[in-house]
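Here are the chains, one letter per residue:
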Amino acid sequence: MSQPTKLFEPYKLGPLTLPNRFVMAPLTRNRAVPPGMVPSPLAVEYYAQRASAGLLITEASQVSPQGQGYQDTPGIYSKEQVAGWRKVTDRVHERGGRIFIQLWHVGRVSHNSLQPNGGAPVAPSAIRAKGKTFVNNFFTDISEPRALELSEIPGIIEDFKRGTANALAAGFDGVEIHGANGYLLDQFAKDGTNKRTDAYGGSIENRAKLMLEISKAVAAEAGAERTGIRISPVTPANDVSDSNPQPLFDYIVDHLNALKLTYIHVIEGATGGPRDVAPFDYASLRKRFKQAYVANNGYDFELATKVLAANEADLIAFGKPFISNPDLVERLQKGAPLNAFDKATFYGGGAKGYTDYPTLEAAEAAQ
Ligand SMILES: Cc1cc2nc3c(=O)[nH]c(=O)nc-3n(C[C@H](O)[C@H](O)[C@H](O)COP(=O)(O)O)c2cc1C
């Protein structure tokens, strides 16, 4: 039985009308085709199967070869990648969907074997992340990074701009800047990873500078109404931490608001882990940002319904539930059971655990 909920109500996001409040969260699946890191034909099917979501956000896609940190993740810097993504966006649009691409630079979360000429991954400061990346089909220690030279920063902003232009050429409805989960922009913002003494380190203003400069550049290219950003104020993902995240993210969100980005996508708590990992006042971000607030992390039907009813968010991003339920929207609308997900097929592989999760209709027909 369906309960009264705002989840199935339409929402106007900039120029787009979303038929419901479901966002498919960005989900890395490591199935792009090397050496060009082009989305595979299976990705066309995978995203098209999920087109009933109000908005799809693709897996994180590197804006440059340097921005890659795991094997077989797709890029958005070459002609071949644009052509590959065009097939995805065409099929999603044919199925009546809307899709943004998540623009990614991993910073220090990488491995020499993935970097141009086997070089060191780049970071705000030369501090190695305790953690693993996924290369040659194994989880491997993250490599020792080097600190970016001040003179290299404009090139990174340029990579995000070019990624945005490519995304528009590939037919995306908009872009999401990956500012979360301990990747480059989050590494710059947080004081555990940023020990710089130049204009990009030290004060909150300086540490937030790269995220805000990239937001401005991307919005200038795509239009602010087609630009969103993902942030994760307190996540410990990829070994990041900040000594005082509330004023840092209050400042960031005030400035994102001034840029009139179309949404902030907030991972509340530890990504994929406890929502209450550290105290943080998300309502403060909600109040500061006048466009859409997309909430994520551990949401189910009940929590989504409650948060939308309390006007604490406009849209809800679901991650793992969308991996195993291509028809998540229809299933929740009918109060039908959800397919369980299989962690073993999250990262890498083929159709198994990717495009073969049945819709309710297919499951019923098979009985
Ligand atoms: C397999 C997998 C891949 C992920 N890849 C990304 C990614 O590419 N970009 C990103 O911002 N978050 C990524 N995440 C985090 C999810 O978007 C989401 O924040 C997390 O799963 C919590 O939401 P959920 O409880 O609805 O699953 C990934 C999570 C999983 C499980």
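These notes cover the structure that comes with them.

1. Focus: the overall build of the protein chain
Assigned secondary structure in the protein chain consists of 11 helices and 14 strands. The C-alpha radius of gyration of the protein chain comes to 19 Å, within 12% of the 21 Å expected for a compact globule of 367 residues. Taken along its principal axes, the extent of the C-alpha atoms in the protein chain is 60 × 45 × 35 Å. Out of the 367 residues in the protein chain, the part that is buried amounts to 59%. For the protein chain, the computed accessible surface area is about 14200 Å², with 54% contributed by carbon and sulfur atoms.

2. With respect to the pattern of salt bridges
Overall, the coordinates contain 16 salt bridges when judged by the stated rule. Note that Arg128 and Glu144 form a salt bridge whose closest N and O atoms lie 3.6 Å from each other. With Arg128 in the loop between β6 (122-123) and β7 (132-135) and Glu144 in the loop between β8 (138-141) and β9 (146-147), this residue pair connects regions lying 16 residues apart in the sequence. Given a relative accessible area of 39%, Arg128 falls into the partly exposed group.

3. Focus: the site of the ligand
The immediate surroundings of the ligand are formed by 20 residues, with Pro26, Thr28, Arg230, Asn296 and Gly319 found nearest. Separating a nitrogen atom of the ligand from a side-chain N or O atom of Asn181 is a distance of 3.4 Å. Its free accessible area being 620 Å², the ligand has 91% of it covered by the protein chains. Most atoms of the ligand, that is more than half of them, are within 2 Å of grid points of the largest pocket.

4. As for helix α5 (residues 204-222)
Helix length check: α5 (19 residues) gives 27 Å between terminal C-alpha atoms against 27 Å at 1.5 Å per residue, within 8%. A maximum bend of about 40° is found in α5 at Leu210. Looking only at α5, the buried set comprises Arg207, Ala208, Leu210, Met211, Leu212, Ile214, Ser215, Ala217, Val218, Ala219 and Ala222. Those residues of α5 that are buried are in contact with α3 (153-169), β10 (174-178), α4 (184-189), β11 (227-231) and α6 (245-258).

5. Some words on the layout of surface pockets
The computed volume of the largest pocket comes to approximately 1000 Å³. Lining the largest pocket are 40 residues; nearest its centre among them are Leu27, Asn181, Thr271, Gly272 and Tyr347. Elements represented by at least two residues in the lining of the largest pocket include exactly β5 (99-104), β7, β14 (315-318) and α9 (320-324). With 4 residues, α9 is the largest single contributor of residues to the lining of the largest pocket. Tallied by class, the residues present in the lining of the largest pocket amount to 19 nonpolar, 16 polar and 5 charged.

6. Some thoughts on the sheet that holds strand β13 (residues 292-296)
One key point about sheets: their strands pair by backbone hydrogen bonds, in either a parallel or an antiparallel sense. Spatially, 8 strands are ordered β3-β4-β5-β10-β11-β12-β13-β14 in a closed barrel, and the strand pairing comes out parallel. Looking at each pair of strands side by side, their axes are set apart by 25° on average, direction ignored. Of the strand pairs in this sheet, β11 and strand β12 (residues 263-267) are connected by 4 bridges, and their pairing is parallel. Paired with Ile229 across the bridge in β12 is Ile264.

7. Digging into the packing of aromatic side chains
According to the stated counting rule, one finds 16 aromatic pairs in the structure shown. Here Phe100 and Tyr263 contribute two aromatic rings whose centre-to-centre distance is 5.9 Å and whose plane-to-plane angle is 25°, an arrangement assigned as stacked. Highlighted residues: Phe100 in strand β5 and Tyr263 in strand β12, separated in sequence by 163 residues. Each member of the pair, Phe100 as well as Tyr263, carries the same accessibility label: buried. The rings of Tyr46, Tyr47, Trp85, Phe172 and Tyr354 are connected pair by pair, giving a single aromatic cluster. Sitting above the plane of the Tyr354 ring, Arg31 keeps its charged end 4.5 Å from the centroid. Over the ring of Tyr200 we find Lys209; its NZ or CZ atom is 5.2 Å from the centre of that ring.

8. Examining empty space enclosed by the protein
All chains considered together, the criterion is met by 1 cavity of 30 Å³ or more. A volume near 40 Å³ is recorded for the largest cavity. For the lining of the largest cavity, the class distribution of residues is 6 nonpolar, 1 polar and 2 charged.

9. Section: the packing of α3 against α5
Contact geometry of α3 with α5 gives a least axis separation of 9 Å together with a crossing angle of 30°. In this structure, the crossing between α3 and α5 has a hand that is right-handed. Seen from α3, the contacting residues are Ile153, Ile156, Ile157, Phe160, Lys161, Thr164, Ala165 and Leu168; seen from α5, they are Leu210, Glu213, Ile214, Ala217, Val218, Glu221 and Ala222. In the contact of α3 with α5, the residues fall into 11 nonpolar, 1 polar and 3 charged.

Cut-offs used in this document
Residues numbered from 1 in each chain as written. Predicted model: local features only at pLDDT ≥ 70, side-chain atom pairs only at ≥ 80, totals over all residues. Heavy atoms only, no water. Helix = DSSP H or I, 4+ residues; strand = E, 2+ residues; numbered from the N terminus. Rg over C-alpha atoms; globule rule 2.2 N^0.38 Å. Buried < 20%, exposed > 50% of the residue type's maximum accessible area, 1.4 Å probe, protein only. Areas by Shrake-Rupley, 256 points an atom, 1.4 Å probe, with all protein chains shown as cover. Salt bridge = Lys/Arg side-chain N within 4 Å of Asp/Glu carboxyl O. Near = heavy atom within 4 Å. Polar contact = N/O pair within 3.5 Å; in protein donor to acceptor, adjacent residues only side chain to side chain. 1 Å grid on protein atoms, 1.4 Å probe; cavity = no way out; pocket = protein on both sides within 12 Å on 5 of 7 lines; lining within 4 Å. Sits in = over half its atoms within 2 Å of the grid points. Expected span 1.5 Å × (residues − 1). Bend = angle between axes of the 7 residues up to and from the residue. Contact = heavy atoms within 4.5 Å. Points joined across faces, edges and corners; volume = space filled by probe spheres on them. Nonpolar A, V, L, I, M, F, W, Y, C, P; charged D, E, K, R; others polar. Pairing = 2+ DSSP bridges. Axes fitted to C-alpha atoms, helices over the stretch in contact; angles between N-to-C directions. Phe/Tyr/Trp six-rings, centres within 6.5 Å; stacked < 30°, edge-to-face > 60°. Lys NZ or Arg CZ within 6 Å of the ring centre and 35° of its normal. Left-handed = near helix turned anticlockwise from the far one by under 90°.

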